[in-house]
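# Remarks on the overall topology
Read off the chains here:
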Amino acid sequence: MAKKDKQYVCQNCGSVYPRWQGKCDACGEWNTIEEEAIGGGGFSNFNPKKSKGNIIDFVALSGAQEHLNRLSTGIKELDRVCGGGLVSGSVILVGGDPGIGKSTLLLQACAKIAEQKNSPEVYYISGEEAIDQVRLRAKRLQLEQSPVKLASSTEIKDIVATLEKSKPAVVIIDSIQTMYLDEVESTPGSVSQVRACSYELIKLAKRKGFTLFLVGHVTKQGAIAGPRVLEHMVDTVLYFEGERGHHFRILRAVKNRYGATDEIGVFEMQDQGLIEVENPSALFLAERQGNISGSCVFAGIEGSRPVLVEIQALVSPTGYSSPKRAVVGWDSNRLSMLLAVLEARCGMNLSSQDVYLNIAGGLRISEPAADLAVAMAVISSLTNKPLPADMVVFGEIGLSGEIRAVSQPSLRLKEAFKLGFASAITPPTHSKEKKTNVNMNIHEIGNVQRLINWFN
Ligand code: TYD
Ligand code: MG
């Protein structure tokens, strides 16, 4: 029987099938299965019995550790997200929607690195844009004098051969979906190509000890296009996100072998490129109007940093048989749960009201600690009574209406105090916890029923 040379691979999760089918059984996605050649990326044709592997050494857990040498990018927000600088030999995947500013950020970073004192070699390889396009951007960013080595190529073989002969400190591949390896028969951007190209580049980065940035496209669902395995192959995954209409951009670490995850870096996209935002709270609150019902300031934590944001709610009588709930920047299921708690425990009638919720500034919040601030914003809009403009709120709400403690209350309060807030609504402090030493009016509330008192 002739040996099969084709297989069918789900472009979403990487599952392999012998023949085409409409739906992937593994991840449940439709129309993601595509034909690919077998043998791509050197993953098949391996016979363990015939291969002559070397014996690997095992060592004890204790012993002298290698000191992590971190290279600063010159962009503080990027350093923070990477865990305090770039680790040599590490691989960083940067994902984000088209046009969000990935190429801009990386060009700015590599220019800054190349300008450092001991002049590290920085290579920027673009597979998407021609040399002139990148030069045009560099000119716009006023970086054209920076000693970055720029090339336009999509051939992994050429790239690897070139890097092999040089001493790079940082290499940027923009983007991994445009790269191509001859040995693999599929088109650029397919699972096997992305996997094989990344594999070759990562191997080289580890061996030569340079930091490798891979730019990855993001699908409509928000995952990095190509196989999930790419996320496992790299050390750090950063997402660059932001709303189209807003000029804020948030760089978020979703995986980091060399630092904390959920750390964010905040940037503002301006004419001269991305500008770092050192005090995000001030920026997110900049357009806030005081004395308006439905607005509440939440003292949140993103990674290791406190961030204050305004939560806006609008509650209005519904014209539909089932009321509308629309959420931007928060979890809509969490909102439904909160509204149910307010109905059941506080006797509020929200089933005849449409509820709209918005996190101002385009930030996405995933902390449950925002529950209390959301509830306050909803009640404020429903009763049409504004909250004091100098008040911050945080706390998690349980199904029985109890308000639960959240992490790092003192850090949140300190940030609020720094920005001139005078009062706060917080969960009750237990006797074991240290009282926060800030000069603010702190109201500890243990149950949502007591929230209503604020609005009478
Ligand atoms: P880009 O870095 O090309 O995005 P990506 O690589 O993620 O696809 O960003 C392009 C967008 O940024 C484009 O819409 C124009 C805008 N931009 C500015 O507003 N100011 C600038 O200085 C630059 C270089 C780009
Ligand atoms: Mg780009």
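What you see is a predicted model, and the numbers here were worked out from it, not measured in a lab. (Residues numbered from 1 in each chain as written. Chains lettered and ligands numbered in written order. Predicted model: local features only at pLDDT ≥ 70, side-chain atom pairs only at ≥ 80, totals over all residues. Heavy atoms only, no water.)

### Overview of unusual backbone geometry
The following threshold applies: Only DSSP runs of H or I covering at least 4 residues are called helices, and only runs of E covering at least 2 are called strands; the numbering of each starts at the N terminus.
Look at the link from D174 to S175: it is a cis peptide, with omega at -5°. Relative to the helices and strands, S175 is located in the loop between strand 9 (170–174) and helix 5 (191–208).

### Section: the state of the cysteines
Two cysteines, two sulfur atoms, one covalent bond between them: this is a disulfide. Keep this limit in mind: The criterion for a disulfide is a pair of cysteine sulfur atoms lying within 2.5 Å.
One pass over the structure, following the stated rule, counts zero disulfides. C346 supplies the cysteine sulfur nearest to C296, a cysteine that is in no disulfide, at a spacing of 15 Å.

### Focus on the domain arrangement of the chain
Under the convention used in this document: What counts as a domain boundary in this text is fixed by an automatic or database domain assignment.
Entries for the chain in the domain assignment read domain 1 (6–39), domain 2 (70–278) and domain 3 (283–455). Each of domain 1 and domain 3 has a C-alpha centre, and the two are 44 Å apart.

### Comments concerning the pattern of salt bridges
Just so we agree on the cut-off: When a carboxyl oxygen of Asp or Glu lies within 4 Å of a side-chain nitrogen of Lys or Arg, that pair is called a salt bridge. Note on exposure labels: buried denotes an accessible area under 20% of the residue type's maximum, exposed denotes more than 50%, and partly exposed covers the range between, all computed with a 1.4 Å probe on protein chains only.
On inspection of all chains with the given rule, the structure shows 17 salt bridges. Across the pair E278 and K76 runs a salt bridge whose closest N-O atoms are separated by 3.4 Å. Of the two residues, E278 sits in the loop between strand 14 (273–276) and helix 7 (280–284) while K76 sits in helix 1 (residues 76–81), which places them 202 residues apart along the sequence. Note on E278: relative accessible area 57%, which makes it exposed.

### Some thoughts on helix 3 (residues 131–140)
Keep this limit in mind: When we speak of the arc, we mean the arc of directions from the helix axis to the C-beta atoms. Note on contacts: a residue pair qualifies if any of its non-hydrogen atoms lie within 4.5 Å across the two residues.
When helix 3 is considered as a whole, its buried residues turn out to be V134, R137 and A138. Each buried residue of helix 3 lies within a common arc of 100° when the element is viewed along its axis, so the set occupies one face. In helix 3, the exposed positions that point more than 90 degrees away from the buried face belong to D132, R135, L136, K139 and R140. On its buried face, helix 3 sits against helix 2 (102–114), strand 7 (122–126) and strand 8 (149–152). In the segment just after helix 3, Q142 is the residue with positive phi, at about 55°.

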